[in-house]
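Coordinate inspection notes
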Amino acid sequence: MAGEFQAPRGTADLLPENEEAHRFVVGTFRKVTGRAGFRSIETPAFEDTALFQRGVGDSTDIVRKEMFTFEDKGGRSLTLRPEGTAPICRAWIEHGMNKLPQPVKLAYEGSFFRHERPQAGRYRQFHQVGIEVIGSGSPLADAEAICLLDAFLAELEVPDLELHLGSLGSPEARQEYLTELTSYLASRESELSEEVRDRVGSNPLRAFDSDDEGTSRVMEEAPLLLDRLDGEDREHFERVRELLDAAGVGYTVDPTLVRGLDYYGRTVFAFTCDRLGAQSEIGGGGRYDGLIARLGGPDTPAIGWAAGVERILLALDREAVAPELDLFLAWTEDSVAGRIPGLASELREKGISVGFDLAERNLKGQLKQADRAGARWTAILAADDSVELKEMETGDQRAADLTDLASIVAD
Ligand code: HAM
């Protein structure tokens, strides 16, 4: 049935049968991060556009092409959040969270918006769960963050995962390296795709991401940032690797791991899942030691990650969950119907999930509804207060006392 309106392109309704699976992912996230002492934070769905321009970076695809930006009635430019890290740093600064014991460990979940070309695993409105650890530059914080993402995905039993680990070094080391890479790319300019050529000046690292054949060939011989890390960056990276080894978390060092946000430095990581095809990244993040200062706060190191809920569900390939109900109340004669809502409330107070037909069908129709509702039991009430209790799976039927209903069903 196609009505006049549909959900906008790249967005989807979260229908009841899928909402439960969604809730399961978010619930697991809360459990895993709660056990690690993270506290939840929620920021608005939109922010000043300048926060993302400055925070995520003017040269990123997100800021250049993918933001849903609009003007409010006062002429201010606002943007639906494309990601959560810049807003959380804004909140950390705004609420003086530097006065709290450091690091501050925050967990979040919600909708994010990117004007991307929709395809399986890539939407214009999607859900992320994520954490930020703000106020520690120690490799222990890196290891804790990565281990938590690993534990979260393991608890969900996401199959075929691979952890990619890299380091982008410090801004100074990166600057030197970028100069080297830019002149290397310039020396082979004619072999690069037009898109990469256009971007060499603003973001040469993205050349590693290109699917273009000629560009890929050039990048195979390109100098690698991992080989250019200075002493402290190298030590930091080695220490993170040691900690992951000690924790038994497997990874592949990926010298070309580039992420689509400008704020990263030092550790970067991403979990991919082979089953997902083109959009194989389930979750990822990294260290962003310069971001809080860039947004006007005190110089504060931080690390975090986010994972895409839709991509997790695609990887889990979970079946849509059928409805479930403990007890369906049916009645034989119209005169009994009036007692049903009160009885349902009483039973619900005892923790039993109860449903009944809301369309005044005859008994046959009511029993069909009980089936559809996924009821384990159906109680058929007659005018003389007698009850026939039917176990839906076996079809067994027996007489029962109204007062015993709760205990039988709860058993
Ligand atoms: P991100 O890699 O841009 O990082 O997004 C994190 C995750 O969100 C991705 O791994 C992917 O699963 C999911 N995702 C991204 N875009 C889409 C989309 N269009 N449709 C469906 N899922 C999507 C960040 O957002 C950083 N804020 C992560 C972070 C936190 N770094 C440090 N702290």
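Thresholds, definitions, all that
- Residues numbered from 1 in each chain as written.
- Predicted model: local features only at pLDDT ≥ 70, side-chain atom pairs only at ≥ 80, totals over all residues.
- Heavy atoms only, no water.
- Domains from an automatic or database assignment.
- Near = heavy atom within 4 Å.
- Polar contact = N/O pair within 3.5 Å; in protein donor to acceptor, adjacent residues only side chain to side chain.
- Areas by Shrake-Rupley, 256 points an atom, 1.4 Å probe, with all protein chains shown as cover.
- Helix = DSSP H or I, 4+ residues; strand = E, 2+ residues; numbered from the N terminus.
- Nonpolar A, V, L, I, M, F, W, Y, C, P; charged D, E, K, R; others polar.
- Pairing = 2+ DSSP bridges.
- Axes fitted to C-alpha atoms, helices over the stretch in contact; angles between N-to-C directions.
- Buried < 20%, exposed > 50% of the residue type's maximum accessible area, 1.4 Å probe, protein only.
- Contact = heavy atoms within 4.5 Å.
- Phe/Tyr/Trp six-rings, centres within 6.5 Å; stacked < 30°, edge-to-face > 60°.
- Lys NZ or Arg CZ within 6 Å of the ring centre and 35° of its normal.
- Salt bridge = Lys/Arg side-chain N within 4 Å of Asp/Glu carboxyl O.

Okay, the domain arrangement of the protein next. Accessible area lost on assembly of the parts is the figure often given for the size of an interface. Each assigned domain of the protein is listed with its residue range as follows: domain 1 (16–169 + 229–316) and domain 2 (325–410). Computed from C-alpha coordinates alone, the two centres of domain 1 and domain 2 are separated by 48 Å.

Let us now look at the site of the ligand. The full set close to the ligand counts 27 residues, and Glu83, Glu116, Glu132, Arg259 and Tyr264 are the nearest of them. With respect to the ligand, the side chain of Glu116 contributes an N or O atom lying 2.6 Å from a nitrogen atom. About the coverage of the ligand: the protein hides 96% of its 670 Å² of free accessible area. Breaking the shell around the ligand down by element, the ones donating at least two residues are strand S6 (125–134), strand S10 (281–287) and strand S11 (302–308). Counting residues per element, the shell around the ligand draws most heavily on S10, at six residues. Partitioned by chemical class, the residues of the shell around the ligand number 10 nonpolar, nine polar and eight charged.

In spatial order, the strands read S2-S4-S3; together these three strands make up an open sheet with antiparallel pairing. Sheet topology places strand S2 (46–48) and strand S3 (69–71) at the edges, where each strand pairs with a single neighbour. Geometrically, the sheet is characterised by an average inter-axis angle of 35° between neighbouring strands, direction not taken into account. Bridging between S2 and strand S4 (residues 77–80) involves three bridges; their strand directions are antiparallel. Bridged to Glu47 within S4 is Thr79.

A few words on unusual backbone geometry. Along the chain, Gln102 connects to Pro103 via a cis peptide bond; the corresponding omega equals -5°. One non-glycine residue, Glu157, adopts positive backbone phi at about 60°. Its place among the elements puts Glu157 in the loop between helix H5 (139–155) and strand S7 (161–167). For Glu157, a relative accessible area of 65% gives the class exposed. Backbone geometry places Glu360, a non-glycine residue, at a positive phi of 55°. Secondary-structure assignment places Glu360 in the loop between strand S13 (354–356) and helix H14 (363–372).

Mapped onto the elements of the fold, Thr378 is located in strand S14 (residues 375–381). If we ignore the near neighbours within four places in the chain, the residues touching Thr378 are Leu327, Phe328, Ala330, Leu367, Ala370, Glu388, Leu389, Lys390 and Met392.

All told, the structure shown has eight aromatic pairs when counted by the stated rule. Considering the side-chain rings of Phe29 and Phe152, the 5.7 Å spacing of their centres and the 75° angle between planes classify their relative orientation as edge-to-face. With a gap of 123 residues between them, Phe29 in helix H1 (residues 16–35) and Phe152 in helix H5 connect regions that are remote in the sequence. Take Phe152: its relative accessible area is 1%, and that puts it in the buried class. Geometrically, the ring pair formed by Phe46 and Phe70 is edge-to-face, given 5.9 Å between the ring centres and 75° between the ring planes. Of this pair, Phe46 sits in strand S2 while Phe70 sits in strand S3, placing them 24 residues apart in sequence. For Phe46, a relative accessible area of 43% gives the class partly exposed. Cluster of aromatic residues (ring-pair linked, three or more members): Phe29, Phe152 and Trp305. Arg81 extends its terminal NZ or CZ atom over the ring of Phe112, reaching a point 4.4 Å from the ring centre.

Turning our eyes to something else, we now look at the pattern of salt bridges. Under the definition given, this model contains 25 salt bridges. In this structure, the salt-bridge partner of Arg90 is Glu47, at a minimum N-O distance of 2.7 Å. Separated by 43 residues along the polypeptide, Arg90 in helix H4 (residues 85–94) and Glu47 in strand S2 bring together distant segments of the chain. Here Glu195 and Arg199 are joined by a salt bridge, their closest N and O atoms 3.3 Å apart. Of this pair, Glu195 and Arg199 both sit in helix H7 (residues 194–199), four residues apart, roughly one helical turn. Salt bridges sharing common partners tie together Asp61, Lys65, Glu195 and Arg199.

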